[in-house]
Structure formats: C-alpha cells, structure tokens
Amino acid sequence: MTRTEALRVQRYLREKFNNDAFVVKERRPADGSAEVLLGDEFIAVVFRDEDEGEVSYNMHMTILDIDLPETS
C-alpha cells in the first residue's frame, strides 16, 4: 500500500467514525498492507486487494477476550 493510499484510508476512517485519532501507516517493506492505530494503540491491519482492476481495502481487527468488558 502506498503512502497516498494509506492517507486516503485514514481520511475515510476519520470521517466515517468522526474521530481524528485514526492513523494509518504503511508497512515497510511494502506488502500491500498498513497498520491502523487509534491514538497510540494498534487496533487493526488494512489490506489492499485488487481484483480485475478494481481496488478495495479490507480491515482486519482482532479483539481478545481478555480486552472485553465484563457483562452485568
């Protein structure tokens, strides 16, 4: 994923969730993915996918059971 693509995804996330704390940083070496951070916390990986000339971005977020709040 290029820097330009990472910035476009970052802008999308910030606008969609109304939260300027989203940061999208491309990985080095470039492998078609970028890290998604919320503030300083890593929360997901976004992958670039191209199929028959159409580009999409897929975000994968893992949530650990120990990070979930207890239910009442």
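Residues numbered from 1 in each chain as written. Predicted model: local features only at pLDDT ≥ 70, side-chain atom pairs only at ≥ 80, totals over all residues. Heavy atoms only, no water.

What follows is about the pairing of strand 3 (residues 41–51). Where strand 2 (residues 33–38) and strand 3 come together, 6 bridges link them in antiparallel fashion. Its bridge partner lying in strand 3, Glu35 is registered against Val45. Following strand 2, the chain reverses through 2 residues before pairing antiparallel with strand 3; Gly39 in that reversal takes a positive phi of roughly 70 degrees. Here 7 bridges tie strand 3 to strand 4 (residues 54–60), and the two strands are oriented antiparallel to one another. Looking across to strand 4, one finds that Arg48 is bridged to Tyr57. (Pairing = 2+ DSSP bridges. Helix = DSSP H or I, 4+ residues; strand = E, 2+ residues; numbered from the N terminus.)

Within the open sheet, the 4 strands sit side by side as 1-2-3-4. Their pairing is antiparallel. Each having just a single partner strand, strand 1 (22–26) and strand 4 make up the two edges of the open sheet. Here the strands of the sheet are splayed against their neighbours by 25 degrees on average, with no regard to which way each runs. Across the sheet, helix 1 (residues 3–17) lies against strand 1, strand 2, strand 3 and strand 4, angled at about 165 degrees from strand 1, the strand it touches most. (Axes fitted to C-alpha atoms, helices over the stretch in contact; angles between N-to-C directions. Contact = heavy atoms within 4.5 Å.)

Moving on, we get to the side chain of Gln10. Tracing the sequence through the fold places Gln10 in helix 1. In this structure Gln10 comes out as buried when scored by relative accessible area, which is 11%. Engagement of the side chain of Gln10 in a polar contact is seen with the backbone nitrogen of Val24, the distance being 3.0 Å. The contacts of Gln10, once residues within four sequence positions are left out, are Phe22, Val23 and Val24. (Buried < 20%, exposed > 50% of the residue type's maximum accessible area, 1.4 Å probe, protein only. Polar contact = N/O pair within 3.5 Å; in protein donor to acceptor, adjacent residues only side chain to side chain.)

What follows concerns the packing of aromatic side chains. One pass over the structure, following the stated rule, counts 1 aromatic pair. Relative to Phe22, the ring of Phe17 has its centre 5.6 Å away and its plane inclined at 35 degrees; by these criteria the two rings are tilted. (Phe/Tyr/Trp six-rings, centres within 6.5 Å; stacked < 30°, edge-to-face > 60°.)

Glancing now at the pattern of salt bridges. In the structure shown here, the tally under the stated rule is 7 salt bridges. Here Glu26 and Arg3 are joined by a salt bridge, their closest N and O atoms 3.3 Å apart. Here Glu26, found in strand 1, pairs with Arg3, found in helix 1; they are 23 residues apart in sequence, far enough to count as distant. For Arg3, a relative accessible area of 40% gives the class partly exposed. Two residues, Arg28 and Glu26, come together in a salt bridge whose shortest N-O distance is 3.5 Å. The class for Arg28 is exposed, based on a relative accessible area of 63%. Through salt bridges with shared partners, a single ionic network connects Arg3, Glu26 and Arg28. (Salt bridge = Lys/Arg side-chain N within 4 Å of Asp/Glu carboxyl O.)

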